[in-house]
Structures are given as C-alpha cells and as structure tokens.
Amino acid sequence: MNEKLRLRIAQQGVYVLLLGVLYVLQTTPGFLQVGGVRPNLVVPAAICIAMLEGEFFGGIYGALAGVLCDLGGMSIFGFNGIILLAAGVAAGLAFIYLLRPCLANFLLVTLGALAARGLLDYFFNYYMWGYNQVWRVLALEILPVVAYSTLLAPLPYLLCRWVYGRFRQRLED
C-alpha cells in the first residue's frame, strides 16, 4: 500500500473512533444533560464529515450515526439510519455545489437535519397514532433536543475540522 492510501484509511478510522467517542459521551447518564435534555452529538459530527469529505463519506457516516442513534433510541431500528443516510448525502452535495464550508452554514444544515429527523420521528411514532396531547412530546422532548444539539454542534465541528486538517496536511506533503 502506498502512503496516501494508508493515511486515508487511518483518517476514516479516526472518524469512526470519533463517532464512537461522541456516542459514548451523548449516552452517558447525566453528562451534558440540562433539564432532562441530552444532546445528540453524532449527527453534527456526521454532517461535518459530509461537509469536509463529500457526499459518499457523508452518506456512510450519516448511516453510521443513524445506527448509533437507533441503538440508544426508542424508534424502529433503521429509522434513523435511513434518515441520516439521506441527510449525509444531501449535506455533502449541498456543500459541494451550493454552500461554502463555514461554521454558519454547518449550523444551518445541522439544524435542518436534526429538525427533519425529529419531526419525522414525531410524526411516525406519536402524531400518526393519535395520542392525547401529543404536542407535548414535540414541545418538551424533540424540539429541546434539536435546539440543544445545535447549540453544542460547534464542538464536533471543531474536532472534525481538526482531524481533517491534520490528515490533509500530511496528505499534501
């Protein structure tokens, strides 16, 4: 194997490790929990990887982030994987063709992906079944998670940008 291929494989391994660490942090009881709301850290990391690496890796890491969300969630297994696969591909394409890869655009795309995931979860798991006062789930559980996750999204952004920068520098040498 040549050196560039070895570095690319190592970079992808570091991304997988980063998603694993962020998943452990987001599922640790009481860690970063505010008022019973825990942030979702793997979705912003997957969106950032899509921003930096493009639609192919965005889809792969989006699906991986979705599977991790399914492991810790209450929805049907694979639900988040499919949604975040599409979000990762869409984010990668948006950053290639439409958006400049900066923090403001990253936060907007992350907010959109988290909101779409939350609203689809709300619709298919709560609203569709006609429960009484189902709006409370949206107002007290889903929307606070979306807001809090977006607020903490710069942390995974900085980690992914740092990893990307370190490997880019080595790949260009």
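Keep in mind that what you see is a predicted model, and the values were worked out from it rather than measured. (Residues numbered from 1 in each chain as written. Predicted model: local features only at pLDDT ≥ 70, side-chain atom pairs only at ≥ 80, totals over all residues. Heavy atoms only, no water.)

K.L.:
How would you explain the overall build of the protein chain if you had to name every residue and give the values?
P.N.:
Each helix and strand in the protein chain was counted, giving 7 helices and 0 strands. Reading the helices (α) and strands (β) of the protein chain from amino to carboxyl end gives α-α-α-α-α-α-α. Computed over the C-alpha atoms, the radius of gyration of the protein chain is 16 Å, within 12% of the 16 Å expected from 2.2 N^0.38 for a compact globule of 173 residues. Expressed as lengths along the three principal axes of its C-alpha atoms, the size of the protein chain is roughly 60 × 35 × 30 Å. A fraction of 68% describes how many contacts in the protein chain between residues 6 or more apart in sequence connect residues 24 or more apart. (Helix = DSSP H or I, 4+ residues; strand = E, 2+ residues; numbered from the N terminus. Rg over C-alpha atoms; globule rule 2.2 N^0.38 Å. Contact = heavy atoms within 4.5 Å.)

K.L.:
Provide a residue-level description of the nonpolar core, including the pertinent values.
P.N.:
Counting 39 residues, the largest nonpolar core has Val42, Ile47, Cys48, Met51, Phe106 and Cys160 as its most contacted members. Counting residues per element, the ones that place at least two in this core are α1 (3-27), α2 (42-53), α3 (55-72), α4 (79-97), α5 (103-125), α6 (135-151) and α7 (154-172). Sorting elements by how many residues they give to this core places α2 first, with 10 residues. In this view, Val42 contacts Leu19, Leu22, Tyr23, Gln26, Ala65, Leu68 and Cys69; residues no more than four positions away in its chain are not counted. Membership of the second largest hydrophobic core comes to 5 residues, among which are Tyr122, Val134, Leu138 and Ile142. (Core = buried A, V, L, I, M, F, W, Y, C linked by side-chain atoms within 4.5 Å. Buried < 20%, exposed > 50% of the residue type's maximum accessible area, 1.4 Å probe, protein only.)

K.L.:
Report on the packing of aromatic side chains, specifying residues and quantitative values.
P.N.:
Evaluation of the coordinates by the stated rule reveals 8 aromatic pairs. Between Phe56 and Phe57 the ring centres are 5.4 Å apart and the planes differ by 75°, which places this aromatic pair in the edge-to-face class. A connected cluster of aromatic rings, assembled from ring pairs, spans Phe79, Tyr122, Phe123, Phe124 and Tyr127. (Phe/Tyr/Trp six-rings, centres within 6.5 Å; stacked < 30°, edge-to-face > 60°.)

K.L.:
Got a sec to walk through the environment of Ile96? Specific residues and values, please.
P.N.:
Residue position: Ile96 is located in helix α4. Expressed as a C-alpha distance, the spacing of Ile96 and Glu55, which sit 41 residues apart in the sequence, is 8.2 Å. Excluding residues within four positions of it along the chain, Ile96 makes contact with Gly54 and Glu55.

K.L.:
Now, about the packing of α3 against α4: what can you tell me, with residues and values included?
P.N.:
Running from amino to carboxyl end, α3 crosses α4 at an angle of 150°, the nearest separation of the two axes being 7 Å. As summarised for this structure, α3 and α4 are arranged roughly antiparallel, according to the angle between their axes. For the crossing formed where α3 meets α4, the hand is right-handed. Between α3, through Glu55, Gly58, Gly59, Gly62, Ala63, Ala65, Gly66, Val67, Cys69 and Asp70, and α4, the contact on the second element is made entirely by Phe79, Asn80, Gly81, Leu84, Leu85, Gly88, Val89, Gly92, Leu93 and Ile96. (Axes fitted to C-alpha atoms, helices over the stretch in contact; angles between N-to-C directions. Parallel < 35°, antiparallel > 145°, perpendicular 65-115°, else oblique. Left-handed = near helix turned anticlockwise from the far one by under 90°.)

K.L.:
Please provide a residue-by-residue account of empty space enclosed by the protein, values included.
P.N.:
The gaps left among the atoms become clear once a water-sized probe is rolled over them. Within this structure, the stated rule accounts for 1 cavity of 30 Å³ or more. The calculated volume of the largest cavity comes to roughly 30 Å³. Broken down by secondary-structure element, the contributors of at least two residues to the lining of the largest cavity are α2, α3 and α4. For the lining of the largest cavity, a count of residues per class yields 6 nonpolar, 2 polar and no charged. (1 Å grid on protein atoms, 1.4 Å probe; cavity = no way out; pocket = protein on both sides within 12 Å on 5 of 7 lines; lining within 4 Å. Points joined across faces, edges and corners; volume = space filled by probe spheres on them. Nonpolar A, V, L, I, M, F, W, Y, C, P; charged D, E, K, R; others polar.)

K.L.:
How would you summarise α3 if you had to cite specific residues and measurements?
P.N.:
Taking 1.5 Å as the rise per residue, α3 with 18 residues should run 26 Å; its terminal C-alpha atoms sit 25 Å apart, in good agreement. Restricting attention to buried positions, one finds in α3 the residues Gly58, Gly59, Tyr61, Gly62, Ala65, Gly66, Leu68, Cys69 and Asp70. (Expected span 1.5 Å × (residues − 1).)

K.L.:
Lay out α7 in plain terms, naming residues and giving numbers.
P.N.:
In an α-helix, one turn spans 3.6 residues, which is why side chains three or four residues apart end up on the same side. Under the 1.5 Å per step criterion, the end-to-end length of α7 is 26 Å for 19 residues, consistent within 8% with the ideal 27 Å. Among all positions of α7, only Pro156, Tyr157, Cys160, Val163, Phe167 and Leu171 are buried. Buried residues of α7 fall within an arc of 140° about the axis and therefore sit on the same side. For α7, the exposed residues lying more than 90 degrees away from the buried face are Leu158, Trp162 and Glu172. Next to the buried residues of α7 lie α1, α2 and α5. (Arc of directions from axis to C-beta.)

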